[in-house]
Structure formats: C-alpha cells, structure tokens
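# Topology and contacts: notes
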Amino acid sequence: MSGRTTRQRVLRITLPGGDRPGGTSARADLLAGEEPLGIRVDGSALTMTMRTPGDDLELAAGFLVSEAVIAAPADIAGIKLCDGTTCGHADHDGLGNIADVTLAPGITVAAGARRNFLTTSACGVCGKASIKDICVLPHAALARDATRFAPEVLAGLPDRLREAQRVFSSTGGLHAAGLFTAEGELIVVREDVGRHNAVDKVVGWALVNGRLPLSGGVLLVSGRASFELVQKAILAGIPLLAAVSAPSSLAVELAQEAGLTLVGFLRGPSMNVYAGAQRLVS
C-alpha cells in the first residue's frame, strides 16, 4: 500500500495577463492517492472500492454498518488488512490490499448486499440489483432524537472542517466528512477521494470506538448530499446531515421518511433546510 499522496511530474502552463508573464515550466505536483481495496466477509468477496489509502479497517467497518450488516462492535469477530503477500489468500489478483472481516456467529450478509462489480470512488451504491436493495432504514426512527441545533453553530462548521483537511491542503483533491457535536466541537474528520468512503471511515471510527449510534451529532460533508450519504447517516444514528452543496431529490425523500434533518448549501451565513427543520433553533 502506498501513502495518502504521491508525487507526479507535470508541465505547468501560465498564460500572460496583466503584469504576469506567460510561460511553461516543469514541476512536481502532489496528488491524492487512489487505490483499490477489497472487502471480504467470512472468506467471500463482498465488494471492491477505489479509495485513498489509510483508515482502511475503519472504511470496511463503516461500509458494513452502511449496508446494514452490522450495528455494534460485537458483530465483528475479527478484522485485519491482508497485503496479498503474507496472508495466504490466492485471490488478490494483483490488486493488493483486502480488508478481511470475520462476522460474529449469527451475523450474516444478505444477498442484496453483495456488489456485482468494482465500486468507484464516485459511487456509493454501484452494483446493487434494485432500489429495494439500497433503500434500508433502521429499526428505530431518528425522529426520537430530540437534539436541537443552532444555525449560528452550523454556519461555522465548514471553515472548521476545511482547516482540519490536512491532505486536501496539499493536494486539493479529496472529499472530507467531519463529525461534530451539537455545540460545534469537531470529534473526528476523515478524507478520501470518494465522498461515501470518507463517511464510511467516520462511521467505522465510531463503531470501533463504541460510539454508535451517533445520537446528537452533526455529519458535515464537503460535497453534495446524495441518497447513499443520507442512508449512511441514518444507519449510523446521526440526526443531522449537512452538505456545502446540493442534495438530490431522493436524498430529501429518504431524509423526510427517516426523520433526518438535512441541510444543504451550507455556505457562510445561509443554508437550505430540506428536511427536519424542527431541530433548528435560533
């Protein structure tokens, strides 16, 4: 496994303008890493995702939470990262790392959870056979979470998330997901080339640290709020999902059905509330 970043030789072209001379120059550019990670459960391949290396076990654990396979640390009997050279498995196919998960007795993977092909860094639900497979709601409705959030606190979260994005600062090429308290305290942040991977890493961190469900929390994502991100927040028990960009129509529908507060276009002093406005107090 390589690191979170790599260096690439590039040709920089600058067009003339004003008092700026034009020209070309060769330079080294720092890029965000992107490599495949396989997730194997009880000896069988579950999915392959493109991700930024790092926090891989959290990613695998969070993915299983998001697929409604597990809900507590006790649901996992063992989890390790196989490098394809010392684990003894013969089916890495040269792709390198595989997160190898052993579930606790009685915990199983539904047939619809198995992905049919490679999951790209831009796709959270690729490989699903039907909408029924991806539309999973928790047993307990989020409507029971009575936490209230101040818009003034939410308005300050994007800057705090941006300040915590260490790899983005050097590459400009990563999404981020940050978990905050209702008072605006940053609990954990994770970065990845994929929006859904960043969220899975946060949820996986919460699982292994015994923090699920994440009642009273705010999940902030650096891009748009898609259906799969809403579902991940719901299954993690997060009452408020905020995004700096727009939500999709299906994301809004699912948030309304599940009792999730969904905030979009969280930029500066303004924001749009698409669902669960009753949780916001001024």
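All of the points below concern the structure found in this document. Bear in mind that the values here come from a model prediction, so they are computed numbers and not experimental data. (Residues numbered from 1 in each chain as written. Predicted model: local features only at pLDDT ≥ 70, side-chain atom pairs only at ≥ 80, totals over all residues. Heavy atoms only, no water.)

## Here's the deal with helix α4 (residues 157-164)
Think of an α-helix as turning once every 3.6 residues; residues three or four places apart then point the same way. For clarity, the cut-off: Residue burial is assigned from relative accessible area. The probe radius is 1.4 Å, only protein chains are included, and a residue is buried under 20% of its type maximum, exposed over 50%, and partly exposed in between. Numbering of helices and strands starts at the N terminus; helices are DSSP runs of H or I of at least 4 residues and strands are runs of E of at least 2. Each direction from the helix axis to a C-beta atom contributes to the arc, which is the arc of those directions. Contacts are residue-level and defined by heavy atoms, with any inter-residue pair within 4.5 Å sufficient.
Here α4 has its buried residues at Leu 157, Pro 158 and Leu 161. Viewed along the axis of α4, the buried residues span an arc of 100 degrees, placing them on a single side of the element. Of the exposed residues in α4, the ones pointing more than 90 degrees away from its buried face are Asp 159 and Glu 163. On its buried side, α4 packs onto α3 (151-155), β7 (175-180), β8 (186-192), β9 (218-221) and β11 (261-267).

## A short note on the sheet that holds β8
To summarise the sheet geometry, strands pair through backbone hydrogen bonds and adopt either a parallel or an antiparallel arrangement. For the record, the criterion: Between any two strands, pairing holds if DSSP finds at least two bridges. Between N-to-C directions, angles span 0 to 180 degrees; the directions come from axes that are lines fitted to C-alpha atoms, helices contributing only their stretch in contact.
Read from one edge to the other, the open sheet built from six strands follows the order β8-β7-β9-β10-β11-β12, with strand pairing classed as mixed. This sheet does not close on itself; its edge strands, each paired only once, are β8 and β12 (270-275). For this sheet, the mean angle separating the axes of adjacent strands, direction not counted, is 20 degrees. As defined by bridge partners, β11 adjoins β12 across four bridges and the pair is classed as antiparallel. Looking at β12, one finds that Leu 262 is bridged to Ala 275.

## Describing the sheet that holds strand β3 (residues 35-41)
A sheet is described by the order of its strands in space; here four strands give the open sequence β4-β3-β6-β5, paired in mixed fashion. Either end of the sheet is taken by a strand with one partner, and the two such strands are β4 (44-51) and β5 (76-82). The sheet shows a mean angle of 20 degrees between the axes of neighbouring strands, taken without regard to direction. Examined bridge by bridge, β3 and β4 share seven bridges and lie antiparallel to one another. Residue pairing across strands places Pro 36 opposite Met 50, the latter belonging to β4. Along the sheet, helix α1 (residues 56-66) contacts β3, β4, β5 and β6 (98-103); its crossing angle with β5, the most-contacted strand, is approximately 135 degrees.

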